[in-house]
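Listed here are the chains, written in short residue letters.
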Amino acid sequence: MKHARMVIDGAPEDGTARFESFNPYTGQAWATVPTATTGDVDRAVEAATRTFHDTWRTTPGVQRARLMTALADLLESRADAIAEMETRDNGKVIRETRNQMGFAARNLRFFAGYADKLYGRTVPLDHPGMFDFTRRRPYGVAGLVTAWNSPIALLANKLPPALATGNTVVVKPSEHASVTTCELGLLAAEAGFPPGVVNVVTGDGAVGDALTGHPGIGKISFTGGSATGTRVAEAAARRLVPLTLELGGKSPNIVFADADLDRAVVGAVAGIFGAAGQTCIAGSRLLVHRPVYERVAGAIVERAGRIRLGDPLDPGTEMGPVANRPQFDRILALIEAGRDEGAALLTGGGPAEGAGEGLFIRPTVFGDVSPGMRVAAEEIFGPVLSIIPFDDEDEAVRIANDIDYGLAAGVWTGDIDRAHRVTERLEAGSVWVNTYRATAAQAPFGGVKRSGYGRERGEEALAEYTYVQNVMIDYSGAARDPFSIRT
Ligand code: NDP
């Protein structure tokens, strides 16, 4: 049984109470994890605050970068072991968790490159004898809360820009998959980060609530569902703390008749059945041009039927179990809702037999879905695809945008003019053309509408963890009129 430990002020901690973490493939507890008390959260925030003021704020960028690079090296050297832990914790297939470790190291290196390049600007003013410049300053302690579906990859969107810009952090992973975040906290200590720069507290939503509501937190970054995100936004608003929200999605993946249909089918399958559909960017609404509807739907159903379900630790497995029991029950209930509302069940539609003991759901495809149905409107966060036919470009854009969410979208077309026209009209933070679920440290990521606000990755992420300080200097030596402001 793996014994996970929190990290507070650079030291591993067992906590006073512990809970079990279940492997969704075996159904067995495989690790125990501490439940942080509010006192633990207080100590973590205090350590992060002290280190921010005493050390980290004034640590030169080049040194922050060196430590981040050391952490990237350590993460890569332990990638196989940590990926295996993540797969045990949330059931995601090893071929993906292993990639995610590389992605996390890449993000650390990308943002390490900015740590000594956080330039301000000189600002020309109207008056001679005045000099104005800006600098970027860290907020202090950042509270980082992540979801269970990709603990390390989600943290890799937050931790590197937070550290590069000079913030210290307290991280709270999901109770459903905490182990690898604890490991990363230990690796940070091993990499040489001063105690208190990277703290990890574990437990359920109450711990997240204590952290995001803590008066010592100067910045919050949250990844999770839109309902919890709304609660976090309310807590942040009470104290006017800046917030980045990465929330849910119901992303449209649009296939036009002029597309390379073989590639589009692969992209549609990757979009919804990759990670068993448990990704915020899942292309869960497939909008298909009516002239190619039958052909595309048929090819997807055929490929869905051949997806290899099984042990997520087996590199040959394409789809693992879903991550936890509440999630399993919710997906099945939404499949039932699709049936009740009259969507045509083309394949799947229930638990998978014979794939193993775990929480397996058969890759499920509904056809002839209308936009108002629950399976077309609600985030399912599972391997369930809703195919919606459309007749022309305007209708495709209207259906794509007629949703509360705005995280991602895909467009499959061989017509470059159409690609530009459609991407420009889509209300989504990320749009892919002739690909789906591709990601890069350099490319900004985030949502609009109920998918949240703020951006992770890319240069844009630096702005999330810094505020601009403007400094105005009067070197004219002239006396000013004390009763009138100078403009
Ligand atoms: P939740 O919103 O339930 O949980 C997210 C995190 O918030 C967890 O660590 C959770 O802890 C914690 N939490 C729970 N209650 C509170 C609270 N009151 N205050 C502060 N933190 C709290 O999301 P899920 O775990 O269900 O994750 C799935 C959701 O995440 C989906 O909607 C998905 O789309 C979204 N997501 C978004 C991504 C993006 O980048 N946009 C990426 C990945 C997922 P605990 O789990 O221990 O209860």
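Before reading further, recall that the structure is shown in the block above.
The structure presented is a predicted model; accordingly, all values stated were derived computationally and were not measured.

On to the packing of helix H3 (residues 79–90) against helix H6 (residues 179–191), then. For the pair H3 and H6, the least separation of the axes is 8 Å and the interaxial angle reads 155°. One finds that H3 runs roughly antiparallel with respect to H6. Facing H3, whose interface residues are Ile82, Met85, Glu86 and Asp89, H6 presents Val179, Thr180, Glu183 and Leu187.

Approximately 870 Å³ is the volume attributed to the largest pocket. At the level of secondary structure, the elements contributing two or more residues to the lining of the largest pocket comprise helix H7 (205–212), strand S10 (219–223), helix H8 (226–239) and helix H11 (325–340). A per-element tally of the lining of the largest pocket places H8 first, with six residues. Classifying every residue of the lining of the largest pocket gives twelve nonpolar, 14 polar and eight charged. What the second largest pocket holds in volume is close to 490 Å³. Lining of the second largest pocket is provided by 29 residues; of these, Phe103, Ile281, Arg437, Thr439 and Arg457 occupy positions nearest its centre. Of all the elements in the fold, those that place two or more residues in the lining of the second largest pocket are helix H4 (94–112), helix H5 (151–164) and strand S19 (430–433). Considering each element in turn, the lining of the second largest pocket owes the most residues, four residues, to H4.

In this structure, Ala276 is a non-glycine residue whose phi angle is positive, near 55°. With respect to the helices and strands, the residue Ala276 is situated in the loop between helix H9 (261–273) and strand S13 (285–289). Here Asp368, not a glycine, exhibits a phi torsion of approximately 50°, which is positive. Among the secondary structure elements, Asp368 is positioned in the loop between strand S15 (364–367) and helix H12 (374–377).

To continue, consider a nonpolar patch on the surface. A surface patch of nonpolar side chains, about 310 Å² in accessible area, is lined by Phe131, Ile473 and Tyr475. The residue Ile473 is located in strand S22 (residues 466–474) in this model.

Moving on: the sheet that holds strand S1 (residues 2–3). Strand-to-strand pairing in sheets goes through backbone hydrogen bonds, with the strands running parallel or antiparallel. Ordered in space as S1-S5-S4, the three strands form an open sheet in which the pairing is mixed. For this open sheet the edge positions go to S1 and strand S4 (17–22), each flanked by a neighbour on one side alone.

We now examine the nonpolar core. The biggest cluster of nonpolar side chains holds 61 residues, and the ones touching the most others in it are Phe273, Leu286 and Val296. Considering every element that reaches this core, the biggest residue donor is H9, with seven residues. Sequence-distant contacts of Phe273, defined by excluding residues within four places in its chain, comprise Ala304, Ile307, Met319, Pro363, Thr364, Val365, Pro383, Val384 and Leu385. Listed in part, the 55 residues of the second largest apolar core include Leu75, Phe110, Ala164 and Leu184.

The next subject is the site of the ligand. Taken together, 31 residues lie near the ligand, and Thr146, Ser174, Thr228, Leu247 and Glu379 sit nearest. Within the contact set of the ligand, an oxygen atom lies 3.3 Å away from a backbone nitrogen or oxygen of Gly224. Against a free-state accessible area of 910 Å², the protein chains account for coverage of 88% of the ligand. The cavity where the ligand resides is the largest pocket. Element by element, the count of residues in the shell around the ligand is highest for H7, at four residues. Partitioning the shell around the ligand into residue classes produces twelve nonpolar, twelve polar and seven charged.

By secondary structure assignment, the location of Arg325 is in helix H11. Residue Arg325 is classed as partly exposed on the basis of its relative accessible area of 48%. Taking C-alpha positions, Arg325 is 7.2 Å from Leu359, a pair spaced 34 residues apart along the chain.

Moving on to the packing of aromatic side chains. A full pass over the atoms with the stated rule returns ten aromatic pairs. On the numbers, 5.6 Å between centres and 40° between planes, the contact of Tyr139 with Tyr467 is tilted. In this pair, Tyr139 sits in the loop between strand S6 (130–138) and strand S7 (141–145) while Tyr467 sits in strand S22, placing the two residues 328 residues apart along the sequence. Judged by relative accessible area, which is 28%, Tyr139 ranks as partly exposed. Of the residues examined, Tyr467 reaches a relative accessible area of 31% and is grouped as partly exposed. Ring centres of Phe256 and Phe390 lie 5.3 Å apart, and the angle between their planes is 75°; this geometry places the pair in the edge-to-face category. Here Phe256 is found in the loop between strand S12 (252–255) and H9, whereas its partner Phe390 is found in strand S16 (residues 384–390), with 134 residues between them in sequence. The pair Phe256 / Phe390 is uniform in exposure class, with both members buried. Taken together, the ring pairs in this structure connect Phe110, Phe111 and Tyr114 into an aromatic cluster.

It is worth spelling out the environment of Leu334 at this point. Here Leu334 lies in helix H11. Linking Leu334 and Tyr467, residues 133 residues apart in sequence, is a C-alpha distance of 42 Å. Not counting residues within four places of it along the chain, the set of residues in contact with Leu334 comprises Arg374, Val375, Glu378, Glu379 and Ile380.

Moving on: the packing of helix H13 (residues 393–401) against helix H14 (residues 416–425). Two elements in contact, H13 and H14, have axes whose closest approach is 10 Å; the angle formed by their N-to-C orientations is 30°. Here H14 runs roughly parallel to H13, going by the angle between their axes. Seen from above, H13 lies across H14 with right-handed handedness. Contacts between H13 and H14 involve Glu393, Asp394, Val397 and Asn401 from the former and Arg418, Arg421, Val422 and Arg425 from the latter. Among the residues making up the contact of H13 with H14, the classes are represented as two nonpolar, one polar and five charged.

Conventions and cut-offs
Residues numbered from 1 in each chain as written. Predicted model: local features only at pLDDT ≥ 70, side-chain atom pairs only at ≥ 80, totals over all residues. Heavy atoms only, no water. Axes fitted to C-alpha atoms, helices over the stretch in contact; angles between N-to-C directions. Helix = DSSP H or I, 4+ residues; strand = E, 2+ residues; numbered from the N terminus. Parallel < 35°, antiparallel > 145°, perpendicular 65-115°, else oblique. Contact = heavy atoms within 4.5 Å. 1 Å grid on protein atoms, 1.4 Å probe; cavity = no way out; pocket = protein on both sides within 12 Å on 5 of 7 lines; lining within 4 Å. Points joined across faces, edges and corners; volume = space filled by probe spheres on them. Nonpolar A, V, L, I, M, F, W, Y, C, P; charged D, E, K, R; others polar. Patch = residues over 30% accessible without salt bridge, like charges linked within 9 Å, V, L, I, M, F, W, Y side chains within 5 Å. Areas by Shrake-Rupley, 256 points an atom, 1.4 Å probe, with all protein chains shown as cover. Salt bridge = Lys/Arg side-chain N within 4 Å of Asp/Glu carboxyl O. Pairing = 2+ DSSP bridges. Core = buried A, V, L, I, M, F, W, Y, C linked by side-chain atoms within 4.5 Å. Buried < 20%, exposed > 50% of the residue type's maximum accessible area, 1.4 Å probe, protein only. Near = heavy atom within 4 Å. Polar contact = N/O pair within 3.5 Å; in protein donor to acceptor, adjacent residues only side chain to side chain. Sits in = over half its atoms within 2 Å of the grid points. Phe/Tyr/Trp six-rings, centres within 6.5 Å; stacked < 30°, edge-to-face > 60°. Left-handed = near helix turned anticlockwise from the far one by under 90°.

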